[in-house]
Amino acid sequence: MQSYPIQIGYLGVGRYLPPNILTNAHLERMVETSDEWIVQRTGIHERRIMGEGESVLSMATAAAREALDRAGISANQITDVRVGVNTHLRWPSLATMVQNELGIDDGTASDISAGCSAYIFCVDSIYQKMMTEWLLEGKKSYALAIGVDGLSLITDWTDRQTCVLFGDGAGAAVIGPVESGGILATTTRAQGKYGDLLYLTPYIKPSLDDPEKMTFHTRTGTIEPLIYMEGRKVFPVAVRSMMAEIKTVIEKHNRISGESLTLDDIEYVIPHQANHRIVSAVAEGLKLPLEQVYSEGVVKYGNNSAASIPIGYVENIGKRPGALEVDVAFGAGFASGAILRRNPS
Ligand code: COA
């Protein structure tokens, strides 16, 4: 196995899922749909929805605290907080608010909006920066990558095509120097030409009375930004893009390391939990047995956007020591990306 001069990886992961469960039976009472249709088309049985006192900030902070605890790192050792989020439509950035909640009073913090791939984009930027600082300045540091979304805030609860798909949640990882395993390569991509297939309707100004409601007042009235999606057209691009990202990240690693890894060397894939049919189509397209692909999250939590991959990590803690794994995501923009990493042995 090739060895890098430095190893950067995960020291601890965490997540937060609201306790409030929205089942398919609940949705049957809200729109014209059925448990059978939802399960057959998406694999989703239930999803978590934020309740009183919960917000993207509270979820992100809770996930970050759990990741820090597992890593055995204190918040004030963190010098970079990056939050992948699509549902924090106000200032200051969510990352700076998390930084404040955790009592971190120095370092840097910023948000990344890249649809459901936003967590991967966070890890990619942290990894590139850490590599550069370590190699050029000899500086070692710790960072937090967080993926969080409260899609229930912007879901159109009258649109049966989209409202059955989404849920809320947060996941986080502490990234820093590791003894074994670690990140081997990352890749990101965006295809803006598909922007009109999946987007949030425009907004002007946040409501002052209840910012969590995501209601925006314009000169001519009030609008609520809502998700718009042409699901049937999104589906094939999602599958193609995720398959391509997995191949790209392996090729990138091979170029950097001189190794000749192939898909056969990948022991497990954690894909964005968009829906079960997308996950299965990616597995089938790459000839990967479904047992090697994480797909349990979507059943219990639906598509929780930027949070779905780090939420999946928590369910996989301690499994497959030393295994070579890929995380892959796709979402609005159409932004996609992948992380190739080795589990600690
Ligand atoms: N319950 C019952 N019927 C529904 C329904 C629901 N929740 N949503 C749509 N339908 C109906 C449609 O009205 C349509 O009826 P019609 O044939 O009488 O016109 C029929 O089911 C088929 O609709 P269609 O949209 O073509 O279904 P589909 O097989 O494409 O499945 C999705 C819909 C959204 C599940 C599927 O397109 C999909 O998974 N797309 C990708 C979405 C995604 O994951 N996006 C996020 C990427 S990060």
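Thresholds, definitions, all that
Residues numbered from 1 in each chain as written. Predicted model: local features only at pLDDT ≥ 70, side-chain atom pairs only at ≥ 80, totals over all residues. Heavy atoms only, no water. Near = heavy atom within 4 Å. Polar contact = N/O pair within 3.5 Å; in protein donor to acceptor, adjacent residues only side chain to side chain. Areas by Shrake-Rupley, 256 points an atom, 1.4 Å probe, with all protein chains shown as cover. Helix = DSSP H or I, 4+ residues; strand = E, 2+ residues; numbered from the N terminus. Domains from an automatic or database assignment. Axes fitted to C-alpha atoms, helices over the stretch in contact; angles between N-to-C directions. Parallel < 35°, antiparallel > 145°, perpendicular 65-115°, else oblique. Left-handed = near helix turned anticlockwise from the far one by under 90°. Contact = heavy atoms within 4.5 Å. Nonpolar A, V, L, I, M, F, W, Y, C, P; charged D, E, K, R; others polar. Pairing = 2+ DSSP bridges. Buried < 20%, exposed > 50% of the residue type's maximum accessible area, 1.4 Å probe, protein only. Salt bridge = Lys/Arg side-chain N within 4 Å of Asp/Glu carboxyl O. Phe/Tyr/Trp six-rings, centres within 6.5 Å; stacked < 30°, edge-to-face > 60°. Buried area = accessible area lost by both parts, 1.4 Å probe.

Points about the site of the ligand
Right, so step 1: Around the ligand sit 22 residues, and of these Thr33, Arg41, Arg160, Arg232 and Asn275 come closest.
Right, so step 2: Between a nitrogen atom of the ligand and a side-chain N or O atom of threonine 33, the distance comes to 2.6 Å.
Right, so step 3: At 2.5 Å, a side-chain N or O of asparagine 275 approaches an oxygen atom of the ligand.
Right, so step 4: For the ligand, whose unbound accessible area comes to 960 Å², protein coverage reaches 76%.
Right, so step 5: At the level of elements, helix 2 (35-42), helix 6 (160-163), helix 7 (231-257), helix 8 (276-285) and strand 14 (324-331) are the ones that each hand at least two residues to the shell around the ligand.
Right, so step 6: Of the domains in this structure, domain 1 (8-179) and domain 2 (185-196 + 230-342) are the two that each give at least three residues to the shell around the ligand.

Remarks on the packing of helix 3 (residues 56-71) against helix 4 (residues 94-101)
Each packed pair of helices is defined by two parameters, the angle between the axes and the distance between the axes.
Right, so step 1: At a minimum axis distance of 10 Å, the contact between helix 3 and helix 4 shows a crossing angle of 55 degrees. Judged by the inter-axis angle, helix 3 sits oblique to helix 4. Helix-helix and strand crossings are classified by hand; for helix 3 and helix 4 the assignment is right-handed. Contacts between helix 3 and helix 4 involve Val56, Leu57, Ala60, Thr61 and Arg65 from the first element and Leu94, Met97, Val98 and Glu101 from the second.
Right, so step 2: Taken together, the residues that form the contact of helix 3 with helix 4 break down as six nonpolar, one polar and two charged.

As for the sheet that holds strand 5 (residues 108-112)
Right, so step 1: Spatial ordering of the open sheet is given by 1-7-6-4-5, a layout of five strands whose pairing is mixed. At either end of the open sheet lies a strand with only one pairing partner, and these are strand 1 (8-16) and strand 5. Direction aside, neighbouring strands of the sheet carry axes that sit 15 degrees apart on average.
Right, so step 2: The strands touched by helix 3 are strand 1, strand 4 (78-84), strand 6 (142-150) and strand 7 (168-177); relative to strand 1, the strand with the most contacts, the crossing angle is about 130 degrees.
Right, so step 3: Helix 4 contacts strand 4, strand 5 and strand 6 of the sheet and is inclined by roughly 140 degrees relative to strand 5.

Focus: the pairing of strand 7
Right, so step 1: With nine of ten residues buried, strand 7 is to be regarded as a mostly interior element.
Right, so step 2: Note: strand 1 against strand 7, eight bridges, orientation antiparallel. Opposite arginine 15, over in strand 7, you have glycine 171 as the bridge partner.
Right, so step 3: In terms of strand pairing, strand 6 meets strand 7 through eight bridges, oriented antiparallel. Paired with valine 148 across the bridge in strand 7 is alanine 170.

Overview of the pattern of salt bridges
Right, so step 1: Tallied over the entire structure, the rule returns ten salt bridges.
Right, so step 2: Linking lysine 233 and glutamate 230 is a salt bridge whose minimum nitrogen-to-oxygen distance equals 3.1 Å.
Right, so step 3: A salt bridge links lysine 300 to glutamate 315; the nearest nitrogen and oxygen atoms lie 3.0 Å apart. Of this pair, lysine 300 sits in helix 9 (residues 296-301) while glutamate 315 sits in helix 10 (residues 308-315), and the two are 15 residues apart along the sequence.
Right, so step 4: Connected via shared salt-bridge partners are Arg320, Glu325, Asp327 and Arg341.

Description of the packing of aromatic side chains
Right, so step 1: On inspection of all chains with the given rule, the structure shows five aromatic pairs.
Right, so step 2: Aromatic side chains tyrosine 119 and tyrosine 313 sit 5.9 Å apart centroid to centroid with 70 degrees between the ring planes, which places their arrangement in the edge-to-face category. Placement of tyrosine 119 in helix 5 (residues 118-137) and of tyrosine 313 in helix 10 is noted, with a sequence separation of 194 residues between them.
Right, so step 3: Owing to a relative accessible area of 1%, tyrosine 119 belongs among the buried residues under this scheme.
Right, so step 4: The buried category is assigned to tyrosine 313, whose relative accessible area is 6%.
Right, so step 5: Members of the aromatic cluster, joined through ring pairs, are Tyr10, Tyr119 and Tyr313.

Things to note about the side chain of serine 308
Right, so step 1: Mapping serine 308 onto the fold places it in helix 10.
Right, so step 2: Taking the relative accessible area as the measure of exposure, serine 308 reaches 3% and is therefore buried.
Right, so step 3: Here the side chain of serine 308 touches histidine 272 through a polar contact of 2.7 Å, side chain to side chain.
Right, so step 4: If near-sequence neighbours (up to four positions away) are discounted, serine 308 is found in contact with His272 and Gln273.

Concerning the domain arrangement of the protein
For an interface, size is often stated in terms of accessible area lost upon the parts coming together.
Right, so step 1: With domains assigned, the protein is organised as domain 1 (8-179) and domain 2 (185-196 + 230-342).
Right, so step 2: Tallying the contact residues gives 43 residues for domain 1 and 42 residues for domain 2.
Right, so step 3: Taken together, the two surfaces of domain 1 and domain 2 that pack against each other cover about 3000 Å², and 63% of this comes from carbon and sulfur.
Right, so step 4: Contact with domain 2 buries area across many residues of domain 1, yet Arg15, Cys116 and Ile120 alone supply 22% of it, more than any other trio.
Right, so step 5: One salt bridge connects arginine 15 with glutamate 315, and the closest N-O pair in it is separated by 3.0 Å.
Right, so step 6: Our count for the contact surface shared by domain 1 and domain 2 stands at 18 residue pairs in polar contact (both at pLDDT 80 or more).
Right, so step 7: Going through the elements one at a time, strand 1, helix 2, strand 3 (46-48), helix 3, helix 5, strand 6 and strand 7 are the ones with two or more residues in the side of domain 1 that touches domain 2.
Right, so step 8: At eight residues, helix 5 tops the list of elements feeding residues into the side of domain 1 that touches domain 2.

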